[in-house]
Structure formats: structure tokens, C-alpha cells
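Architecture at a glance
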Amino acid sequence: SAPPSPPRRRRSSHAAKRPLISATDHRMRSLANFLLMVGVCVPPALYVAVLHRRCPAETPTSGESGLALARRWLAALPADASSMFAPPSSVACDVYASHPRLCVNLIYFVVVDVGFYLIYLLQGSTWLIDPHWQLIPVCISLFFFSHPDAGWDEGVPQHPRAYLVLGLLLVWATRLMHNYLRREGYQFGDREDWRYNDMRREHGRWFVISQFFAVCVAQHCMLVGLTMPLQPAMAASGASLNRFDALAASLCLTGICVGLVADNQLFAYMQSPDKPLLLDSGLWRFSRHPNHFGEQLWWIGILSSAVAAAGGWSGFVAGGPHCWAVAFGVCFNHPIDTLATLPLIEARMLRRPERATLYRAYQRRTPLLAPWFVRGGGKDAKVA
């Protein structure tokens, strides 16, 4: 007989305590969460549109430090936000025109770090950040694509690299969003990531505070950091297309394809009524986490596009602190993913006693991340 199916991703503790609701109420709640997911993108989009239209073409720069500009920008934000049809403040235009990466970080801080945090508290769930792992990079890419540095409305043709990178990112985001939606059964807000669900249970009442740092701030460093290479990649002043663009496109497309195949195989496994205790076929035979490998490869490709914009490694490294700001996301995200996230997944796979022995054998013969030759060959997972 078939073994018991692996447990589905646990609902958050707050969801378990809710009374049963009708199918109609469930659909309405899902629709409301969908509107929330889309609606939170509207205010920052309108704010950036106002800056784009109303800031002078030659915006003077104050020469202040980033920290001083951030303080002044935050102080001026309430007035700027309350008078969307009036000319923006000089500091808002200075940050937008002369410090686009700082502008992205400040908008993210207000909308996601603070705004999403308040939504997490109201809903008792952190689900909202999951679909925005696809939406936020698209929003940031459109910010850089339409920025004066990219030649938009400046009489300068946009760089072919800008179109190349934007096209790749839209393909990546569409693929990942489709995978998210089908995994969630095309419902919105039903479940939060199991890692935050576990953290909510372990931290207890302190999770009200710890989630701001564990979810909001940590995701800021990852999401915004990973998208920083888009700014030089889309700049009109970038170097002509070169061999690093070919490398970047190859890495991005390979990452998309690896992630697509791995996620399709995982989805088919999870939908199978007679699935074995362990998925160790297809790409999962050569890597224990091929979907994570594809995602890491994708972001290395995006970073490579910034290297291409600098004309190569020597030009990129010559940027000094600038190059580290651009590369920070990969340097932060990839070690965290490999050394923290994947061990959490591995520990979760070992929780079920009937699967633990099989999974330890799988760990011994199969690489953690990068696909490689299987040690010892053979398959240990059998349908009971």
C-alpha cells in the first residue's frame, strides 16, 4: 500500500484557530487579499510617476551624505505624499535623480519594511511577502528602466542591454509567479511560509517584534540587494554589448530553465497519489535542491549584466564601493540561502522517522546544491 503523503505546508497558528468559513467567504477573502497584493504597489508607483514628471530635468544635487539625504527625505515624505499634484520637494528630486539606488531603498523601507509589517500584524500572517518576491523585482526594474539615467525622456536612446535585462526579468517573474500560484491553489493569503510559521510558534509573543527584523529587514537586504545590478545594467552610459552580456544571458536562461524543470518535477511529485517518501528522480537525482540552484544561478546572471555594463571585471572592480553596493545582494543572499535556509529544509525533511533513513542516504550520495554525479548510484526511495 502507498505510504502516507508528506504533510502539506502547515497553516499558520492563527489560521488553525479560525472557525470554518463557507466557500463563498473563502473566495471573497482570497479576492480581497489579491486586491491587497496588487494594491500595495499602486502608491509607490504613483509617487515615482510624480517624481518622474515633475522633477526638473537638471536637478541640483546637494552633495550630502546618503544618511543625511535619507533623514531629509523621510522628513519631507508626509508633505510630498499628501500633495501628489504639487511639485515634489527638492530633496525628493535630488534623491530620485542623483541617487536612484538610495531612492529605491527608501521607498522599499516605507512601503515594505514598515507598511507590510503593519499588514502582517493586522492579518497575523506574513504571506504577503511571498508573491512580492516576484512583483518587487519587476517594480524595481521598471523604476531603473524609466529613470533618467536610462535615457528615458532625455533624448538618448535606451541601451539594448536595458531591453535585454528587462525581457529576461519579466520571463523569470512570470515563471516564478505561475509556480507560486499553482502551489497555493490560486488562493491568496491562505498560508504563510512554513519557516515563519515555525518562527511564530517558537518566538511566541516576541514574534511581534522579531518578525520586523527576521522578515522585513532580512528580506530588504535580499530583495533590494539582489536587484541593485539592474541600475548599471539599464544605464544609457553602460559599455556596448560584449561577451559578458552573453554570459549573463546564458546564466539567466539556464537558471530559469533549471528552476522551471525542478519546480515542475516537484509539483508533479506533490500531486501524485502514489508518491514515494522521497523525490530523487529527474534533476532531484543530481541535486537535493535544484530549484534553489536555478534561482542562485539566475541572480548571478543578473549581477553579470552589471559587470557587462562596466565593460568587464576590471571596469567593475574599479568602481570600488560602487561595485560592492551592486554585488551586495548576491554576497548576502547566496550564503544565507545555502548555509541557513537549506539546512532548515533538510532538518524538516528528517522530521518524519519513516523518511529519515532514506533522506540520510540521499544526503550521502547527492550534492546539496550544484548538480553533480551521484555517489553510489541507485535509488533508495521505494513506494511502501
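Residues numbered from 1 in each chain as written. Predicted model: local features only at pLDDT ≥ 70, side-chain atom pairs only at ≥ 80, totals over all residues. Heavy atoms only, no water.

Here we look at the side chain of Arg182
Cut-off, in case you're wondering: What counts as a helix is a DSSP run of H or I of at least four residues, what counts as a strand is a run of E of at least two, and both are numbered from the N terminus. In this scheme, a residue with accessible area under 20% of its type's maximum is buried, one over 50% is exposed, and one in between is partly exposed, where area comes from a 1.4 Å probe on protein chains only. By the counting scheme adopted, Arg and Lys are positive, Glu and Asp are negative, and His together with the chain ends is not counted. A side-chain nitrogen of Lys or Arg and a carboxyl oxygen of Asp or Glu constitute a salt bridge if their distance falls within 4 Å. For this analysis, residues touch if any pair of their heavy atoms sits within 4.5 Å.
As for its placement among the helices and strands, Arg182 is situated in helix H8 (residues 160–183). Despite being buried, Arg182 has no salt bridge partner; Asp263 is the closest side chain of opposite charge, sitting 6.0 Å away. What Arg182 contacts, discounting residues up to four positions off in sequence, is Asp263, Asn264 and Phe267.

Topic: the nonpolar core
Which entries qualify depends on this criterion: Side-chain atoms within 4.5 Å link the members of a nonpolar core, which is a set of buried Ala, Val, Leu, Ile, Met, Phe, Trp, Tyr and Cys residues.
Grouped together as the largest cluster of nonpolar side chains are 76 residues, with contacts concentrated most on Trp73, Ile129, Phe144, Trp172, Trp298 and Phe316. Among the elements that take part in this core, H8 stands out by supplying 11 residues, more than any other. Apart from residues lying up to four places away in sequence, Phe144 is in contact with Pro100, Arg101, Val104, Ala150, Thr227, Met228, Leu230, Gln231 and Met234. Counting residues in each nonpolar core, the second largest holds 9 residues, with Leu279, Trp284, Tyr359 and Tyr362 among its members.

A word on H8
An α-helical segment advances 3.6 residues per turn. Residues three or four places apart therefore align on the same side. Stated formally: By definition here, a helix of n residues has an expected span of 1.5 Å times n minus one.
Between its terminal C-alpha atoms H8 stretches 35 Å, which fits the 34 Å expected from 24 residues at 1.5 Å a residue. Downstream of H8 by one or two residues, Gly185 has phi in the positive range, about 65 degrees.

Notes on the confidence of the model for the protein
Heads up, the condition is: The quantity known as pLDDT measures the predictor's confidence residue by residue, on a range of 0 to 100.
In this model, the protein carries a mean pLDDT of 90, and residues with pLDDT of at least 70 account for 91%. A low-confidence stretch, residues 1–18 (pLDDT under 50), is modelled with 48 contacts involving residues beyond four sequence positions or located in other chains. Taken as a whole, residues 378–384 scores under 50 in pLDDT and shows 21 contacts with residues more than four places along the chain or in a different chain.

Remarks on the environment of Ala249
Along the polypeptide, Ala249 turns up in helix H12 (residues 243–271). Ala249 gets classed as buried once you look at its relative accessible area, which sits at 15%.

Let's talk about the state of the cysteines
Here is the rule: Two cysteine sulfurs form what is called a disulfide whenever their separation falls within 2.5 Å.
All chains considered together, the criterion is met by 1 disulfide. Put simply, Cys55 and Cys93 are joined by a disulfide, and their sulfur atoms are 2.1 Å apart. Torsion about the S-S bond of the Cys55 and Cys93 cystine: about -85 degrees, corresponding to left-handed handedness. Of this pair, Cys55 sits in the loop between helix H3 (42–54) and helix H4 (66–82) while Cys93 sits in helix H5 (residues 90–98); the two residues are 38 residues apart in sequence, bridging distant segments of the chain. A relative accessible area of 5% places Cys93 in the buried class. A disulfide-free cysteine, Cys323 has its sulfur positioned 9.0 Å from the sulfur of Cys331, the nearest such atom. Residue Cys323 is classed as buried on the basis of its relative accessible area of 6%.

Focus on the layout of surface pockets
To keep it simple, the criterion reads: The rule is simple: put a 1 Å grid over the protein atoms alone, call a set of points where a 1.4 Å probe fits but cannot get out a cavity, call an open set with protein on both sides within 12 Å along at least five of seven lines a pocket, and count a residue as lining if it has an atom within 4 Å of a point. Grid points are joined across faces, edges and corners, and a volume is the space filled by probe spheres set on the points. In this classification, Asp, Glu, Lys and Arg are treated as charged, Ala, Val, Leu, Ile, Met, Phe, Trp, Tyr, Cys and Pro as nonpolar, and every other residue, Gly included, as polar.
The computed volume of the second largest pocket comes to approximately 500 Å³. Contributing to the lining of the second largest pocket are 20 residues, with Pro44, Ala45, Val48, Cys139 and Phe143 lying nearest its centre. Elements with a contribution of two residues or more to the lining of the second largest pocket: H3, helix H6 (100–123) and helix H7 (129–145). For the lining of the second largest pocket, the per-class residue count stands at 17 nonpolar, 3 polar and no charged.

Structural notes on the packing of H5 against H6
Geometry of a packed helix pair, given as the angle between the helix axes and the separation of the axes. The following threshold applies: Working convention: axes come from line fits to C-alpha atoms, limited for helices to the stretch in contact. Angles between N-to-C directions cover 0 to 180 degrees. Throughout this description, any angle smaller than 35 degrees is read as roughly parallel, any larger than 145 degrees as roughly antiparallel, any in the 65 to 115 degree range as roughly perpendicular, and the remainder as oblique.
One can describe the packing of H5 onto H6 by two numbers: an axis separation of 5 Å at closest approach and a directional angle of 120 degrees. As summarised for this structure, H5 and H6 are arranged oblique, according to the angle between their axes. Judged by residue contacts, Val95, Tyr96, Ala97 and Ser98 of H5 engage Pro100, Leu102, Cys103 and Leu106 from H6. Tallied by class, the residues present in the contact of H5 with H6 amount to 7 nonpolar, 1 polar and no charged.

Here's the deal with the packing of aromatic side chains
This is how the line gets drawn: Only rings of Phe, Tyr and Trp enter the pairing, Trp through its six-membered ring, and a pair is recorded when the two centres are within 6.5 Å. The plane angle decides the type: under 30 degrees is stacked, over 60 is edge-to-face, the rest tilted. In this analysis the charged atom, NZ for Lys or CZ for Arg, is taken to sit over a ring once it is within 6 Å of the ring centre and within 35 degrees of the ring normal.
Evaluated as defined, the whole model comprises 15 aromatic pairs. Geometrically, the ring pair formed by Phe328 and Phe332 is stacked, given 5.5 Å between the ring centres and 20 degrees between the ring planes. Of this pair, Phe328 and Phe332 both sit in helix H15 (residues 321–349), separated by 4 residues, roughly a single helical turn. What makes Phe328 partly exposed here is its relative accessible area of 37%. Considering the side-chain rings of Tyr359 and Tyr362, the 5.4 Å spacing of their centres and the 65 degrees angle between planes classify their relative orientation as edge-to-face. Of this pair, Tyr359 and Tyr362 both sit in helix H16 (residues 353–365), 3 residues apart, which is roughly one turn of the helix. Feature note: the residues Tyr96, Phe143 and Phe144 constitute an aromatic cluster, connected by ring pairs. Taking NZ or CZ as reference, Arg182 lies 4.5 Å from the ring centre of Phe267, over its face. The aromatic ring of Trp194 is capped on one face by Arg348, whose charged end is 4.5 Å from the ring centroid.

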